[in-house]
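Below, each chain spelled out in residue letters.
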Amino acid sequence: MTIGTFDRARLETALIKGLPDLVAEVRDRLAEHWPDYAAFLDTDRDAVVKPAELFVHRLLDMSIANLKSPEQTMFESADETVRRVFEEIGRLQLREGNDLTRLLTAFQLGARVAWRHVAATALRLDFAPDNLAALADSVFVFVNQLSFSAANGYLQEQIDDAMARERRREDLANLLLSGRAGTEAIRTAAQQAAWRIPATAAVVIYGDSDQEPSGTLVARLEPGALPIRRNAVVVGAIVPEPSGPGRRLQLSRELAGMGAVVGNSVALAQLPRSLEIARIAVRLRNTGVLTDDPVFADEHLDALIVWRDEALVAALREEMLAPLAGETEAARERLAETLASWLRHFGDRQAIAHELSIHPQTVRYRMARLRALYGDRLDDPESRARLFLALEWAGP
């Protein structure tokens, strides 16, 4: 039979008239394994009618095109309206928590039911075999297209949802670091970001790393970490419960090789302070004062206190080491080394000699010279403390 005998209008009218029966059979077939889909077909008939009518119109368009050029592939794109309708169906499935595989399997079941109804209707209207073949091709190719559109909508919804969640997590991190948010604002933002509020947290700042791009660093932390971004670049994270059982070892493994600094563990309201301390520690790590990998700031609070202001450290060293200024450079180094060891070992000559690998008599000689230079200050507790700071934190 030629295309001229393909009575589209009569077949279209009959198929649309039979849609209620088709939908009812699909519902019954879905009821056993997909009761939620079956319930949807029962309760949302109006939402089903439009896609079903679009299916009929497009099916017949494709069948006629197939009769005109049967040698051409039928894998053409569905029109924009159909594509959008079924992409929205896919998006809806994700929003309702349904699995994509279930949706596509249900589509295949629907395709088989649809083909039986289309074939029965076409035979009743005396359609010829070549027209039935064109209809068969169209049914299954079109269902594949609809499945693709629904799957694409499902995946796009996943991407959009992930991006929105990530933005909410970044907004929450910024809120926590602002120091201006109240408890209720934090609770609301945390709920929107699906973040469980911890009792304590700490700021992690990433140092320079040539091993991997900064955008991948936060991925190595546990899912509860909130990314901190500046100018679209990940510069750090907020990690929950950093002092919990096993957490320090876990963070050490996750952050190894990144040049990272972990600020001290604080209540959420004090996170800006943790950030400030972490920034000081990053500076000291970059200048070689701290060398751990990663650096845990709470293990170096003495260094952070001393080195918070480099100008003050320099002034202290200049003042306390001034008596050595008249010595040669080599002598200054030997005397400073001996004085530092003397302070560490509370004057124990044997311990000093062992640490410096020199004879105790040499220790005695050097200390005599130091007493000549410093006088009574070596017996003054406050002066000894200042000397210790000046010598112990001499920098790299």
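Reading the values: the criteria
- Residues numbered from 1 in each chain as written.
- Predicted model: local features only at pLDDT ≥ 70, side-chain atom pairs only at ≥ 80, totals over all residues.
- Heavy atoms only, no water.
- Core = buried A, V, L, I, M, F, W, Y, C linked by side-chain atoms within 4.5 Å.
- Buried < 20%, exposed > 50% of the residue type's maximum accessible area, 1.4 Å probe, protein only.
- Helix = DSSP H or I, 4+ residues; strand = E, 2+ residues; numbered from the N terminus.
- Contact = heavy atoms within 4.5 Å.
- Arc of directions from axis to C-beta.
- Salt bridge = Lys/Arg side-chain N within 4 Å of Asp/Glu carboxyl O.
- Polar contact = N/O pair within 3.5 Å; in protein donor to acceptor, adjacent residues only side chain to side chain.

Going by what an unreviewed UniProt entry lists, the protein chain is known as PucR-like helix-turn-helix protein and is assigned to Kribbella kalugense.

Chemist: How should the nonpolar core be read in this particular structure?
Modeler: Across soluble globular proteins, you tend to see nonpolar side chains buried next to one another. Among the nonpolar cores identified, the biggest contains 44 residues, and Leu11, Leu30, Phe55 and Leu135 are the most heavily contacted of them. When contributions to this core are tallied by element, the ones reaching two or more residues are α1 (8-17), α2 (19-30), α3 (35-43), α4 (45-68), α5 (80-95), α6 (100-124) and α7 (129-178). When neighbours within four sequence positions are excluded, Phe55 is seen to be in contact with Ala114, Phe142, Val143 and Leu146. By size, the runner-up hydrophobic cluster in this structure holds 35 residues, among which are Leu177, Ile186, Ala193 and Leu271.

Chemist: Explain the environment of Leu176 to me, please; I cannot follow it from the model alone.
Modeler: Position of Leu176 relative to the elements: it lies in helix α7. Take Leu176: its relative accessible area is 3%, and that puts it in the buried class. Counting along the chain gives 13 residues from Leu176 to Ala189, while the straight-line C-alpha distance between them is 9.7 Å. For Leu176, the contacting residues outside a window of four places in its chain are Ile186, Trp195, Leu226, Ile238, Leu268, Leu271 and Pro272.

Chemist: Explain α3 to me, please; I cannot follow it from the model alone.
Modeler: Quick reminder: α-helices carry 3.6 residues per turn. Residues three or four places apart thus point the same way. Considered for burial, the residues of α3 that qualify are Tyr37, Ala38 and Leu41. Viewed end-on, α3 has its buried residues packed into an arc of 100°, placing them on one side of the element.

Chemist: Would you take a moment to explain the pattern of salt bridges for this structure?
Modeler: Where charged atoms from two side chains of opposite charge approach closely, those side chains can pair. Counting across every chain of the model gives 19 salt bridges. Among the salt bridges present, the one from Arg229 reaches Glu166, with a minimum N-O distance of 3.6 Å. Separated by 63 residues along the polypeptide, Arg229 in strand β2 (residues 226-230) and Glu166 in helix α7 bring together distant segments of the chain. Among the residues examined, Arg229 registers a relative accessible area of 24% and is labelled partly exposed. For Glu166, a relative accessible area of 27% puts it in the partly exposed group. One salt bridge in this structure joins Glu355 and Arg344, with 2.8 Å as the shortest N-O distance. Here the residue Glu355 occupies a position in helix α14 (residues 349-356), and Arg344 occupies one in helix α13 (residues 329-344), the gap between them amounting to eleven residues. Glu355 gets classed as partly exposed once you look at its relative accessible area, which sits at 36%.

Chemist: Just to check I follow, could you spell out the side chain of Glu157 for this structure?
Modeler: Looking at where Glu157 falls in the secondary structure, it is placed in helix α7. Under the relative-accessibility criterion, Glu157 is labelled buried at 14%. At 3.1 Å, the side chain of Glu157 forms a polar contact with the side chain of Arg95. When residues no more than four places from it in sequence are discounted, the contact partners of Glu157 are Arg91, Leu94 and Arg95.

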